[in-house]
Amino acid sequence: SKREPAPWQGDRGGAAAVPSAGQAAAGARARGGNAEAMARQGSTSSLQEEEEIQIDQHIYMRYVKNQLDSEAACLELPLTILLLLSFTGVALFHLRQDVVLSVEQAIEFDIVENANFAWELYFGNKVIHDIHSFADFWSWIRLGFIPLVMQTSWAYSESYADDAAQLFPAAPNVVPDGTWSFQSFGGGSRPIPVTGDYLHYNRIIGGLRFRQEVTPMSNLTCAFPSGAAWENWGEWYGKPCIPAWKELPFVPDTLGAETFAQPQRVEWMLMGSMSVEDMLQKAVDMEDGCAQLVTKNRTGIRESPPCWCEWCATQSPPSPWLREDTQRIEIGMATYNAEYGLITMTGVNFFFSRGSQIHKRVEMMSSWVDPLAAPMSVLVPMFVIDAIWVGALLYIMLSELKEVFLVIRMGDGPHWYNSLKDDYIAFWNCVDWMAIVVAIALLGLFGGLLSASITMQASLGRLLQAEADGAASDRAAYLQLVEGFYSDLEQVITVEKFFRLVLCVYPMMVMMRLFKSFAAQARLAVVTDTLKFALQDLIHFFIVFFGTFFCLCLTSVLFFGQDNADFATVFRAVHTCFRMMFGDWDWSAMGEVRRDMAQMWFSGFMLLMVMILLNMLLAIIMENYMKVKQKISDPSLAPSLAKQLQEMWRRRQQFKAGQRVRLNDIYDAFMQLHGGSENDMLKSNRVLTPTFLLDTVPNLKRTQAERTMKNAAEEYRKANTKEFQIEDLRLKQQDANGKEINAPLERLDDITRRVRDTLLYLQDRIAFYDTVVRHDASTPKDDMTMAMAEAAAARAKNTTDTAVSDEVLEFVSAEVGRLNYETASILGQTVRRVDLRQKHIESRQADMEDSVREMHQTLLNLQSEASSLANKLQRVHSTEAQAPSGSAWRR
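Quick caveat, the model's predicted, so the values are computed rather than measured. (Residues numbered from 1 in each chain as written. Predicted model: local features only at pLDDT ≥ 70, side-chain atom pairs only at ≥ 80, totals over all residues. Heavy atoms only, no water.)

Things to note about the overall build of the protein
Scanning the protein from terminus to terminus reveals 28 helices and 12 strands. Sequence separation of at least 24 residues holds for 69% of the intrachain contacts in the protein that already meet a minimum separation of 6. Carbon and sulfur atoms form 60% of the exposed surface of the protein, whose accessible area is close to 52800 Å². (Helix = DSSP H or I, 4+ residues; strand = E, 2+ residues; numbered from the N terminus. Contact = heavy atoms within 4.5 Å. Areas by Shrake-Rupley, 256 points an atom, 1.4 Å probe, with all protein chains shown as cover.)

Structure, rendered in structure tokens:
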């Protein structure tokens, strides 16, 4: 049998070889002539060169390159963590989401809970969610919303005047003050509440904006059946159809409420030119379309326009502002919180579906008026963290650009892009550049946000100056300023929203960089390696999983969709079923549809998706996880993070103490030796020795050279040693002559079958001898033919059994014992002879292996000496060519 070579014993594929003492002596005898020649040349290290380690250059340099890449990726981990932490500080300091949330929550809660209508004394019975008709909408506007946001006097508790008259009989007519004065701004202070004050700490800017999304009317869009003539249907229906170009069967989300397309019928309630009473009158005019001006005695008024609703005044015949063609209404107002420097755009949205349902949603979008306006206690740490993040980003970008430049400079091809494609473009490098691009986009968006904020500040300044100069009385000019400010504010909010969206993407890029660093450390790469090992199994599993999952989702849509909004569409059903797999479901809503059918579907879903498929997924992952754990169980193949850091620290300390050189120095020396071509360096089959390394790399110690060569050989051997698999026993093999032989399992089966046949033969022989009848002493024991004939005759008679005497039994027993002893003795002698023969064969095979190994070592030594001689000749030639300067590659 062939013995496995030692870790340092290699073949011509490139593994290193370290000869033993006997092998070295044999090699020395084979190289006697060369050694004597070197001794005559005055060499003092002939014996040392005879015992030098040897390894192919491409194996050694790939080991060095892998070590450098592993160290670089490991050192990227602290940098990536610093990048993540600094970005966290940048995002939190600039966004201050907790402050924004507190302001927006207060506004939303006030509008939803306190804008009441259907009043009974001091109690409003309905809120915004109770608006289900056009009449409810206008009641909420006049009785709830406008009185809530336009506070004209200081609010007191319920029944204050009545209670005060009872408590103080001497002053039965107590009239509380409607305003208060706080002289914080001296003579510029105004009575409180100031016009536009909202929730005490917010100020409404400009006024209230009403606008709509309108769909066109058409008779051609009506869906009439063919049972009657079109004209009959039209006469029966009596009005045009108005299909929504953006139907909303469900309550819109944030994206649907933040965007507004094609605004029409825009109306303004300006605080600078209108009182609260004027605003209420305008609400009435908008509701009835200014159709009763004479009844309202509004035809001769000069102080205000006859019709406050500007759009309604242009309609003939008169038409209300809210009609059946309205698809969406937004009531917007901009508020500024001077306590925080935060400006908020509030939109109260009403969506009119063609299913006769009104969806309500209050949406706020906020931005800082000046993103850099903050106290020094906030600005100083914010600028420090910004500098750290930008510095880390610049370092990463410069490192990548440097690597790109080196790849292009060292490329062998005529085109630089081919070099990048072959030597640089890889998954992890793409991740680095994606992170850089997203970061640059963030910086650009922040600059755009600053620019838009400056423009908005200028618009707000012009608006405030106009109010201070009394220009608000000129409604047209003042309206133009307000519209300009709202336009600039919407631009700021749009940029800020996109800026926050890109901020959400950047942590994902940093997470990918973390996985890049994890991949360089075997024990940190367990997650990615597990998924990589399980990829094929997961692909096939998810084909089954998603097929089953989609069928169950489709069934839920067909069964529950008409009665349960969570299953109304395929996308909603997929999301609901995904939540159900993790324990989040609403059984009461499903059970209301049809309990027995719902129970069958729910039970089937839980059985298939949760109990079977999810557990199978877990089993697949755990199986491959155990394979990865088994693979990294060897500490030499997968050192721990602490061990790797300790090794890097050891290398650094030894370098500082002058006991070693950096691996970069070894890499650079060989790069210089090959003229800067990395491909040539990594593909060279030159046989390296410690002496050659000492001559090539300046200041390299012999211990480091030998240690790195041994490590490279060991790593190469382990990486190219195929792990034993059960399937290997089923594969056919080839013998030394290249002839195909049976698989090991087949050979084992054949041997087992022969052993079984032999045992059966022995059993038959024993049975045969047990049936032999001894007639007299003259019967020969070895007369096998006679015995077999007698035994056959006895079996052929097929007679009935007769009584056997004790003497016969004793005789048979004695004969069986004797035969057993003789059989065991013969088998033992045969086994000993086979064992001796096997030992003799193994001894001869070992001698042959020693001879072959000595011949192999001799050839390696001759090759090494030839390579060393060629290098010396090259150095002599280079010295003569470049005298008096030294060799370039030795420098």
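Quick notes on the pattern of salt bridges
Under the criterion given, the structure shown has 35 salt bridges. One salt bridge in this structure joins Arg594 and Asp596, with 3.1 Å as the shortest N-O distance. Between Arg702 and Glu706 there is a salt bridge, with its nearest N and O atoms 3.2 Å apart. Note that Arg702 and Glu706 are positioned in helix α25 (residues 702-720) at a spacing of four residues, about one turn of the helix. Its relative accessible area of 27% is what places Glu706 among the partly exposed residues. (Salt bridge = Lys/Arg side-chain N within 4 Å of Asp/Glu carboxyl O. Buried < 20%, exposed > 50% of the residue type's maximum accessible area, 1.4 Å probe, protein only.)

So, the packing of aromatic side chains
Per the counting criterion, the structure on display carries 37 aromatic pairs. Relative to Trp389, the ring of Phe87 lies with its centre 6.0 Å away and its plane at 45°, an arrangement referred to as tilted. Of this pair, Phe87 sits in helix α4 (residues 57-95) while Trp389 sits in helix α12 (residues 376-410), and the two are 302 residues apart along the sequence. With a relative accessible area of 5%, Trp389 lands in the buried category. Taking the centre distance of 5.8 Å and the plane angle of 85° together, the rings of Trp389 and Tyr506 count as edge-to-face. Here Trp389 is found in helix α12, whereas its partner Tyr506 is found in helix α15 (residues 475-519), with 117 residues between them in sequence. The exposure classification of Trp389 matches that of Tyr506, with both residues buried. Clustering of aromatic rings is evident, with ring pairs tying together Phe541, Phe542, Phe545, Phe546, Phe549, Phe559, Phe560, Phe567, Trp601 and Phe605. For Arg96, the ring lying beneath its charged end belongs to Trp368, and the centroid distance is 3.9 Å. A cation over an aromatic ring shows up here: Arg211 above the ring of Phe260, its NZ or CZ 4.2 Å from the ring centre. (Phe/Tyr/Trp six-rings, centres within 6.5 Å; stacked < 30°, edge-to-face > 60°. Lys NZ or Arg CZ within 6 Å of the ring centre and 35° of its normal.)

A closer look at the packing of helix α6 (residues 134-149) against helix α10 (residues 276-288)
Interaxial distance between α6 and α10 falls to 10 Å at its minimum, and their mutual angle equals 170°. Accordingly, the angle class assigned to the pair α6 and α10 is roughly antiparallel. Each of Trp138, Ile141, Arg142 and Ile146 in α6 lies in contact with α10, whose residues at this interface are Val276, Met279, Leu280, Ala283, Val284, Met286 and Glu287. Considering only residue class, the contact of α6 with α10 consists of nine nonpolar, no polar and two charged. (Axes fitted to C-alpha atoms, helices over the stretch in contact; angles between N-to-C directions. Parallel < 35°, antiparallel > 145°, perpendicular 65-115°, else oblique. Nonpolar A, V, L, I, M, F, W, Y, C, P; charged D, E, K, R; others polar.)

Let's talk about a nonpolar patch on the surface
On the surface, Leu82, Met376, Val380, Val384 and Ile388 cluster together into a nonpolar patch covering about 430 Å² of accessible area. Counting residues per element, the nonpolar patch draws most heavily on α12, which supplies four residues. Along the chain, Val380 turns up in helix α12. (Patch = residues over 30% accessible without salt bridge, like charges linked within 9 Å, V, L, I, M, F, W, Y side chains within 5 Å.)

Things to note about the state of the cysteines
Throughout the structure, instances matching the rule amount to three disulfides. Two residues share a disulfide in this structure: Cys290 and Cys307, whose sulfurs sit 1.6 Å from each other. Judged by the torsion about the S-S bond (70°), the Cys290/Cys307 disulfide is right-handed. Of this pair, Cys290 sits in the loop between α10 and α11 (310-313) while Cys307 sits in the loop between α10 and α11, placing them 17 residues apart in sequence. At a sulfur-sulfur separation of 2.3 Å, the disulfide partner of Cys309 is Cys312. Looking along the S-S bond of the Cys309-Cys312 disulfide, the torsion reads about 60°, which is the right-handed sense. Exposure remark for Cys312: the relative accessible area of 3% places this residue in the buried category. (Disulfide = S-S within 2.5 Å.)

Describing the pairing of strand β2 (residues 117-120)
Of the strand pairs in this sheet, β2 and strand β3 (residues 123-126) are connected by three bridges, and their pairing is antiparallel. Looking at the pairing, Trp119 lines up with Gly124 of β3. Linking two consecutive strands that pair antiparallel, namely β2 and β3, is a turn of two residues; a positive phi of about 55° is found at Leu121 within it. (Pairing = 2+ DSSP bridges.)

So, the nonpolar core
Grouped together as the largest cluster of nonpolar side chains are 49 residues, with contacts concentrated most on Trp140, Trp321, Ile331 and Phe350. For this core, the secondary-structure elements that each account for two or more residues are α5 (97-114), α6, β5 (202-214), α10, α11, β7 (326-337), β8 (342-352) and β9 (358-368). The leading source of residues in this core is α6, at eight residues. With sequence-adjacent residues up to four places away left out, Trp140 is seen in contact with Ile111, Ala115, Phe117, Val127, Ile128, Ile131, Phe145, Ile331, Val348 and Phe350. Val438, Leu449, Tyr478 and Val482 belong to the second largest nonpolar core, which has 45 residues in total. (Core = buried A, V, L, I, M, F, W, Y, C linked by side-chain atoms within 4.5 Å.)

Side note on the side chain of Glu71
Relative to the helices and strands, Glu71 resides in helix α4. Take Glu71: its relative accessible area is 19%, and that puts it in the buried class. Here the side chain of Glu71 touches Arg651 through a polar contact of 2.4 Å, side chain to side chain. In contact with Glu71, other than residues within four places in its own chain, are Met648, Arg651 and Leu663. (Polar contact = N/O pair within 3.5 Å; in protein donor to acceptor, adjacent residues only side chain to side chain.)

Some thoughts on unusual backbone geometry
For the bond running from Ser316 to Pro317, omega is 0°, close enough to zero to count as cis. Examined against the element boundaries, Pro317 turns out to sit in the loop between α11 and β7. Even without glycine at this site, His200 takes up a positive phi of about 70°. For His200, the position within the fold is in the loop between β4 (197-198) and β5. According to the relative accessible area criterion, His200 is exposed, its value standing at 65%. Of note, Arg265 is a non-glycine position whose phi angle comes to about 55°, a positive value. Position of Arg265 among the secondary structure elements: in strand β6 (residues 264-270). What makes Arg265 buried here is its relative accessible area of 9%.

Looking at α6
With 16 residues, α6 should reach 22 Å at 1.5 Å per residue; the first-to-last C-alpha distance of 21 Å fits that figure. Of all the bends found along α6, the most pronounced is centred on Ile141 and spans about 40°. Of the positions making up α6, those classed as buried are Asp136, Phe137, Trp138, Ser139, Trp140, Ile141, Gly144, Phe145, Ile146, Leu148 and Val149. (Expected span 1.5 Å × (residues − 1). Bend = angle between axes of the 7 residues up to and from the residue.)

Regarding the packing of α4 against helix α21 (residues 641-656)
Contact geometry for α4 and α21: axes closest at 12 Å, N-to-C directions at 110°. Viewed along their axes, α4 and α21 adopt a mutual orientation that is roughly perpendicular. With respect to the hand of their crossing, α4 and α21 are arranged in left-handed fashion. Here Tyr63, Gln67, Ser70, Glu71, Cys74 and Leu75 of α4 lie close against α21, whose contacting residues are Leu641, Gln644, Leu645, Met648 and Arg651. Of the residues belonging to the contact of α4 with α21, the class tally is six nonpolar, three polar and two charged. (Left-handed = near helix turned anticlockwise from the far one by under 90°.)

Considering α12
Its 35 residues place the ends of α12 50 Å apart at the C-alpha level, agreeing with the 51 Å of an ideal helix rising 1.5 Å per residue. In the core, the buried residues of α12 are packed alongside α4, α13 (416-423), α14 (427-468) and α15.

Structural notes on the pairing of β7
Of all the 12 residues making up β7, 11 are buried; the element is thus mostly covered by neighbouring parts of the structure. Here 10 bridges tie β5 to β7, and the two strands are oriented antiparallel to one another. Among the inter-strand pairings, Ile205 is bridged to a residue of β7, identified as Ala334. As paired strands, β7 and β8 are joined by 10 bridges and run antiparallel to one another.

Focus: the confidence of the model for the protein
Scored by pLDDT, the protein comes out at a mean of 81, with 84% of its residues at no less than 70. Counted against residues more than four places away or in other chains, residues 774-782, with its pLDDT under 50, gives three contacts. Contacts from residues 798-804, a stretch scored under 50 in pLDDT, to residues over four places away or in other chains number one contact. (pLDDT = per-residue confidence, 0-100.)

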